[in-house]
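# Notes for the structure review
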Amino acid sequence: MRIDAHHHLWNLGRRPQPWMDGPWADPIRRDFTLPDLAPQLAAHGIEGTVLVQSSSSYEETAELLAVAAGEGPVRGVVGWADLTDPALGEVPAALGPGLVGIRHQVQDEPDPDWLTRPDVLRGLRTLAAAGLVYDLLVTPRELPAALAAARAVPELSFVLDHAGKPPVARGARLPWADHLTAIARLPNVSCKLSGLVTEADWTTWRPEPLLPYARHVLDAFGPGRVLFGSDWPVCTLAARYDDVVALAESATGHLTAAERAAVFGGTAARVYGIGRPKARQRAE
């Protein structure tokens, strides 16, 4: 099964998105629904998706889970939860089936070491006990803390979103590349090949300068721990869905067929546990 392991949906009339904090967001300051995404998925033979939170609220997570419970390609939801909440262990059962992971906008925390706070580490251990994945939304500033957290909670499966947001627009690779190599040595961390186009200059980017970043991800983690994600509709600030798929296909062109199948679905199915048909998922 081909899987897009990272996309969003939102209804701004029902759920504001506070991170849309300037004119830069005007092109995506509208509702984005599953029917909007469906033609892009069909064009590339993508049968399953992972729907990821975009605001820090249990209400949004519940809405995303309702989408996943219906007909359509969404096989799992990475929602939001307060990692510092002493009652965090009750959250997965309260939210219900379909929840495969949790994410928090760590990149927006003033403290770059937020992930290593004792209350946060306690929350991460709670997620591990619940069988959930933790998606890391970090920049190079927070990558050292992400490394420390993944070391401290080896029983938890971590997924690094958007390759840790390398400084593509500046054409720089350090210290991002060194941090990425270090965190890739941990067997409990995987990485999404996603978000590179929006880390580049939105109007002048070309595939060739982005490929070294993508290939460093593949070299560091290996195809068995890399997941393709579109980051739609955020990616549309810089590129079409077709362009994002083409970039990932170019970056993986040197791999074997089995390795490409892992990047474009197998890894996501294994990490998030979403390979089964939806009807069976709902029955269990």
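Structure's up top.
Analysis parameters
Residues numbered from 1 in each chain as written. Predicted model: local features only at pLDDT ≥ 70, side-chain atom pairs only at ≥ 80, totals over all residues. Heavy atoms only, no water. Buried < 20%, exposed > 50% of the residue type's maximum accessible area, 1.4 Å probe, protein only. Helix = DSSP H or I, 4+ residues; strand = E, 2+ residues; numbered from the N terminus. Right-handed = clockwise from strand over helix to strand, strands pointing away. Pairing = 2+ DSSP bridges. Expected span 1.5 Å × (residues − 1). Phe/Tyr/Trp six-rings, centres within 6.5 Å; stacked < 30°, edge-to-face > 60°. Lys NZ or Arg CZ within 6 Å of the ring centre and 35° of its normal. Contact = heavy atoms within 4.5 Å.

### Thoughts on the pairing of strand 2 (residues 48-52)
In terms of burial, strand 2 is largely enclosed, as 5 of its 5 residues are buried. In terms of handedness, the path from strand 1 (residues 3-7) via helix 1 (residues 34-43) over to strand 2 forms a crossover that is right-handed. In this structure, strand 2 lies alongside strand 3 (residues 74-79), joined through 4 bridges in parallel fashion. Bridge pairing links Leu-51 to Val-77 in strand 3.

### Overview of helix 10 (residues 257-272)
End to end, helix 10 covers 22 Å across 16 residues, agreeing with the expected 22 Å (1.5 Å per residue, within 8%). Positive backbone phi, at 65 degrees, marks Gly-273, one or two positions downstream of helix 10.

### Quick notes on the packing of aromatic side chains
Within this structure, the stated rule accounts for 9 aromatic pairs. Taken together through their ring pairs, the aromatic side chains of Trp-10, Trp-19, Trp-24, Phe-32, Trp-202 and Trp-232 make up a single cluster. A cation sits over an aromatic face here: Arg-173 above Tyr-213, 6.0 Å from the ring centre.

### Focus: the environment of Leu-193
Inspection of the secondary structure assignment puts Leu-193 in strand 7 (residues 189-193). For the pair Leu-193 and His-162, spaced 31 residues apart in the sequence, the C-alpha separation amounts to 6.0 Å. With residues up to four places along the chain from it excluded, the contact list for Leu-193 reads Ala-214, Val-226, Leu-227, Phe-228, Gly-229, Ala-248 and Thr-252.

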